[in-house]
Amino acid sequence: MIKLIASDMDGTFLSNTHQISEKNIEAVNYAKENGIEFVIATGRAYYEAAKPLQEANLESELICFNGGITYDKEGNILDIVDLKPKDSYYIMEVFKSLGISYQLYTQNCVYTENIETDIQAFVDLIESHGVKADKEHIIAESKERQAKGHLVEVENVDLYINEPNNPLIKIIGISNDLNKLAKATSLLEGNKELSVTSSGENNVEVMHKNATKGIALKKFADKKNISLEATMALGDNLNDFSMLEVVKYSVAMANGNNKLKKIAEYITEHTNDNSGVGHAILKIVKEVNNKENIEKELINKAIEATKFSYVPYSKFTVGAAVLGSNGKIYSGCNVENASYSPTNCAERTAIFKAVSEGTREFTKVAVVGGPERNLLDYCPPCGVCRQVIAEFASEDAELILGNSEDNYKTYKFFDEILPLSFTKKDLDNK
């Protein structure tokens, strides 16, 4: 069950013109209406990330600076991980030695020595993905940030690393010389106090080792009492790697970095410029949560069936519920006999009931059991029942074992339970 969704911004939640599409807004609202938490996880500073959300009338907590600062919906700081002065000096010396320009991302503003050069670097980054950059729009955004004091051009940024009440969170090195960036990355990764990543091929982003999206998302999920097993994360670049590798439902954008795509469970069908996030959320959430709702219902039906177990000899109650390909659920219990051998297991009772009513295929079977209805965590089918299941199970059938709707595990039947099965296919191929 997906209970939390975290999304990157640039190249993911935002279009190439830095807008949030109607489809993306629809998907976030759908998630919230269904009790799912939503959080933005971005490399942007708060003062850069809040505006698109406000324009779209969306409220969200924000993980900013790649995990350096987390904010609540009102902009209050929940967590902060800043760079230490000695590490900041080391980062700057590495960039200087290689002739790489850099910006300081502090809590309150970005310091740069050449805004015009930074704008061109951003244009180059966008166009490196085969997209025409709207330079006039980028310049207008830059001027607005300057007017608000969020982007400050100074003669020497090194003088601003230790300002009172304005901690330094991130340093970004920018260059079109990929060899220089690779060398800088190698040197910086040698410092175990640092986290080194990238949001595009022409930059290197450096933070404290504990300032990553993955660590920040785990902290955020813990505060919400949500497991990462119930978390979905979407991103497009290497600074999203730490986030996607820790969640169960990891989603890489169609326009994303190939390294990210390799570790992702899903890849969007659409790019960021075509509401890839919105389409993915609506599709995956519905698939996953509907599937889990069905599994919970099957477990509960199997538990209900144990009330009717006839077990005067073993006192071991078992219940089963199968989902037919027609969408109908059939349940059954175990029925014992004084001569033992005519005893019928719960799985077979449920399956034979389904077959007797015309169903010849099912896609899921849930089994629960334990002594006198004290259900065990794990009550697997016997060998005979596995053979009966194989007779009527679909190729992708799943077996669900557990003792409650909050404690169960799902197995691929033919892959994990009975991989070397003998079925009617073997007779057809004689």
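To be clear, the structure that these remarks concern was listed above.
Remember, predicted model here, so these are calculated numbers, not experimental data. (Residues numbered from 1 in each chain as written. Predicted model: local features only at pLDDT ≥ 70, side-chain atom pairs only at ≥ 80, totals over all residues. Heavy atoms only, no water.)

## A closer look at the pattern of salt bridges
Evaluation of the coordinates by the stated rule reveals 27 salt bridges. Of the charged contacts in the structure, one is a salt bridge between Lys291 and Glu295, with a shortest N-O distance of 2.6 Å. Residue Lys291 and its partner Glu295 are located together in helix H11 (residues 276–305), separated by four residues, close to a single helical turn. Residue classification places Lys291 among the partly exposed positions, given a relative accessible area of 32%. (Salt bridge = Lys/Arg side-chain N within 4 Å of Asp/Glu carboxyl O. Helix = DSSP H or I, 4+ residues; strand = E, 2+ residues; numbered from the N terminus. Buried < 20%, exposed > 50% of the residue type's maximum accessible area, 1.4 Å probe, protein only.)

## Focus: the side chain of Asp118
Here Asp118 is to be found in helix H5 (residues 115–127). Within the buried core, Asp118 has no salt-bridge partner, and the shortest N-O distance to an opposite charge, that of Arg145, equals 7.8 Å. Within the structure, Asp118 has its side chain in polar contact with the side chain of Thr112 (distance 2.3 Å). Discounting chain neighbours no more than four positions away, the residues touching Asp118 are Gln103, Thr112 and Ile174. (Lys, Arg positive; Asp, Glu negative; His and termini not counted. Polar contact = N/O pair within 3.5 Å; in protein donor to acceptor, adjacent residues only side chain to side chain. Contact = heavy atoms within 4.5 Å.)

## Observations regarding the packing of aromatic side chains
The final tally for this structure, using the stated rule, is seven aromatic pairs. Between Tyr313 and Tyr340, the ring centres sit 6.1 Å apart and the planes meet at 75 degrees, which makes this aromatic pair edge-to-face. Taken as a pair, Tyr313 in the loop between H11 and strand E15 (316–324) and Tyr340 in the loop between strand E16 (329–333) and helix H12 (346–356) lie far apart in primary sequence, 27 residues in all. On the basis of relative accessibility, which here comes to 41%, the residue Tyr313 falls in the partly exposed class. Aromatic pair Phe413 and Phe414: ring centres 5.1 Å apart, planes at 80 degrees, arrangement edge-to-face. The class for Phe413 is buried, based on a relative accessible area of 1%. Residue placement shows Lys170 over the ring face of Tyr105; its charged tip is 4.5 Å from the ring centre. If you follow Lys286 out to its NZ or CZ, it ends over the ring of Tyr30, 5.2 Å from the centre. (Phe/Tyr/Trp six-rings, centres within 6.5 Å; stacked < 30°, edge-to-face > 60°. Lys NZ or Arg CZ within 6 Å of the ring centre and 35° of its normal.)

On their own, these measurements won't tell you what the molecule is for.
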